[in-house]
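Each chain, written out:
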Amino acid sequence: MPYYITTPIMMKLLEDRLDIESITVMIQKEVADRIVSVPGSKLSGAITYAINYYSEAKSIRIVNRSMFIPEPNVDSEVIRLKIRKEPIISVRNETLFFDIIKHSFMQRRKTLINALVNSKIIENKELAKKVLQDMCLNENIRGEVLTIQQFEKLSNIIEDMRTNN
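Small disclaimer: the values here were computed from a predicted structure and weren't measured. (Residues numbered from 1 in each chain as written. Predicted model: local features only at pLDDT ≥ 70, side-chain atom pairs only at ≥ 80, totals over all residues. Heavy atoms only, no water.)

### Topic: the overall build of the protein chain
Note the cut-off: Here a helix means four or more residues in a row that DSSP labels H or I, a strand means two or more in a row labelled E, and each is numbered from the N terminus. Here the term buried applies to any residue with accessible area under 20% of the maximum for its type, exposed to any over 50%, and partly exposed to those in between, with areas from a 1.4 Å probe on protein chains only. Residues are treated as being in contact if the distance between any of their heavy atoms lies within 4.5 Å. The protein chains shown are the only cover counted for residues, whose accessible areas, like all others here, come from Shrake-Rupley with a 1.4 Å probe. A positive count includes Lys and Arg, and a negative count includes Asp and Glu. His and the chain ends are not counted in either. Taken as the charge location is NZ of Lys, CZ of Arg, CG of Asp or CD of Glu.
If you tally the helices and strands in the protein chain, you get seven helices and three strands. Secondary structure elements in the protein chain, listed N-terminal to C-terminal, are α-β-α-α-β-β-α-α-α-α. Across its three principal axes, the protein chain shows a C-alpha extent of roughly 60 × 35 × 20 Å. With 165 residues in all, the protein chain has 39% of them scored as buried. Restricting the contact set of the protein chain to residue pairs at least 6 apart, pairs at least 24 apart contribute 64%. Of the roughly 9,700 Å² that the protein chain leaves accessible, carbon and sulfur atoms contribute 51%. Averaging the locations of the 24 positively and 21 negatively charged side chains of the protein chain gives two centres separated by 4 Å.

Next comes the structure, spelled out in structure tokens:
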């Protein structure tokens, strides 16, 4: 499978919640490293959280580029996604949850407050600061260091604010 379509296909299979137990694919090593990393770690990205929400990702084997003819410019990795019967966390609004994660990683160097306000997920900085204070998070925190459970809590707080207004 061409590497450029592997991630969209994996996400489609996960999002559609098909009756499958696992997905095993060979993908570009750099992408595999992001997928199998721990959410909140240095290698994690938005894809890490999405994959982790739906499955347990595990590296099976690194495949050196020299194993192919012609030799590509990248190494590959075989990974297995063990599909969870239920997501690892409980969010009230999946669309909002994934929006928050996406916008937190679109501008990695921005603080979480700026990411939330610039994307119009939260209407102003004062409200965003209050939400982070309620979560006992520093107002200068960046989204890339949050755990999936912290994104769950953030998403649920924002969803509650929206439904109560």
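That shown, we press on.
### Regarding helix α6 (residues 125-134)
Threshold: In this context, the arc is that of the directions from the helix axis out to the C-beta atoms.
A128, V131 and L132 are the residues of α6 that are buried. Buried residues in α6, looked at end-on, bunch into an arc of 95°, giving them a common side. Away from its buried face by more than 90 degrees, α6 exposes E126 and Q133. As for α6, its buried residues are in contact with α5 (112-118) and α7 (148-163).

### Thoughts on the sheet that holds strand β1 (residues 22-28)
Rules: By this definition, two strands are paired if DSSP reports at least two bridges between them. Helix axes are fitted only over the stretch in contact, all axes being lines through C-alpha atoms; the angle between N-to-C directions runs from 0 to 180 degrees.
Here three strands make up an open sheet; going across it, the order is β1-β3-β2 and the pairing antiparallel. For this open sheet the edge positions go to β1 and β2 (55-63), each flanked by a neighbour on one side alone. Averaged over all pairs of adjacent strands, the angle between strand axes in this sheet comes to 20°, irrespective of strand direction. Here seven bridges tie β1 to strand β3 (residues 76-83), and the two strands are oriented antiparallel to one another.

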